[in-house]
Amino acid sequence: MKRPLSPSDRRILRVLQNDGRITNSALSEKVGLAASPCLRRLKALEDDGIIEGYRAVVNRKALGFEVEAFVFIKLEQSEPGWRTRLVERLKGYEEVIACHALAGEVDLIVHAVAKDIESFGEFTMNQLLTLPGVADVRSSFVLSSIKPMGPIPVPDHG
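Criteria and thresholds
- Residues numbered from 1 in each chain as written.
- Predicted model: local features only at pLDDT ≥ 70, side-chain atom pairs only at ≥ 80, totals over all residues.
- Heavy atoms only, no water.
- Helix = DSSP H or I, 4+ residues; strand = E, 2+ residues; numbered from the N terminus.
- Polar contact = N/O pair within 3.5 Å; in protein donor to acceptor, adjacent residues only side chain to side chain.
- Contact = heavy atoms within 4.5 Å.
- Axes fitted to C-alpha atoms, helices over the stretch in contact; angles between N-to-C directions.
- Parallel < 35°, antiparallel > 145°, perpendicular 65-115°, else oblique.
- Buried < 20%, exposed > 50% of the residue type's maximum accessible area, 1.4 Å probe, protein only.
- Core = buried A, V, L, I, M, F, W, Y, C linked by side-chain atoms within 4.5 Å.

Under the annotation held in an unreviewed UniProt entry, the chain carries the name Lrp/AsnC family transcriptional regulator and is attributed to Microvirga alba.

Asks: Any chance you could break down the side chain of Ser 28 for me, citing the residues and the numbers?
Replies: Relative to the helices and strands, Ser 28 is located in helix H2 (residues 24–31). Polar contacts involving the side chain of Ser 28 include one to the main-chain carbonyl oxygen of Ser 25, which spans 2.8 Å. The contacts of Ser 28, once residues within four sequence positions are left out, are Leu 33, Ala 34, Ala 35 and Cys 38.

Asks: So, the packing of H2 against helix H3 (residues 35–47): which residues are in play, and what are the values?
Replies: Their axes nearest at 9 Å, the elements H2 and H3 cross at an angle of 95°. Taken together, the axis directions place H2 and H3 in an arrangement best described as roughly perpendicular. Counting all contacts with H2, which are made through Asn 24, Leu 27, Ser 28 and Val 31, the residues of H3 involved are Ala 35, Cys 38, Leu 39 and Leu 42.

Asks: Before we move on, could you go through the environment of Gly 32 and cite the residues and values that matter?
Replies: Here Gly 32 is to be found in the loop between H2 and H3. What makes Gly 32 exposed here is its relative accessible area of 62%. As a C-alpha pair, Gly 32 and Ser 8 span 24 residues in sequence and 7.9 Å in three-dimensional space.

Asks: With reference to specific residues and values, describe the nonpolar core.
Replies: Counting residues in each nonpolar core, the largest one holds 20 residues, and the members touching the most others are Ile 73, Leu 86, Leu 90, Phe 120 and Leu 128. Of all elements in the fold, only strand S1 (67–75), helix H4 (82–92), strand S3 (108–114), helix H5 (117–126) and strand S4 (134–141) reach the threshold of two or more residues within this core. For this core, the element with the highest residue contribution is S1, accounting for 5 residues. Aside from chain neighbours lying at most four places away, what touches Phe 120 is Val 67, Ala 69, Val 71, Ala 112, Ala 114, Ser 139 and Phe 141. Membership of the second largest hydrophobic core comes to 12 residues, among which are Ile 12, Val 15, Cys 38 and Ile 51.

What follows is the structure, given as structure tokens:
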């Protein structure tokens, strides 16, 4: 079992989710710890898998991806091993920026980007619809991002 989060751990998580490039010196100041203990706590949060990684948030349009969509995939049962092959193929498509298995009316939701509507159509027809075990594919296009993915709430207790 993982160790419980201390108040300092919680402060570190809150700060890092808003500024992943902050220096340890600035982080330690913001959370009220000396630099060395702050770095130890940060390393422990990484080692425990609470902090999974760091990345840059990139503007998709600046890279020429004008289309962003959520694709809802319904699966049918098929031969043994089909789900593993399907997941591996989805992971390999660069258009797929996230994918989640769901419970409910659809089995998978795929977050995808494409240069334009034509290339999204080709991706859907030539890749998604040819995946093993796919029964139905429906897409919804992003018109605007009202609240992009933000920080995970860090409760004060628990």
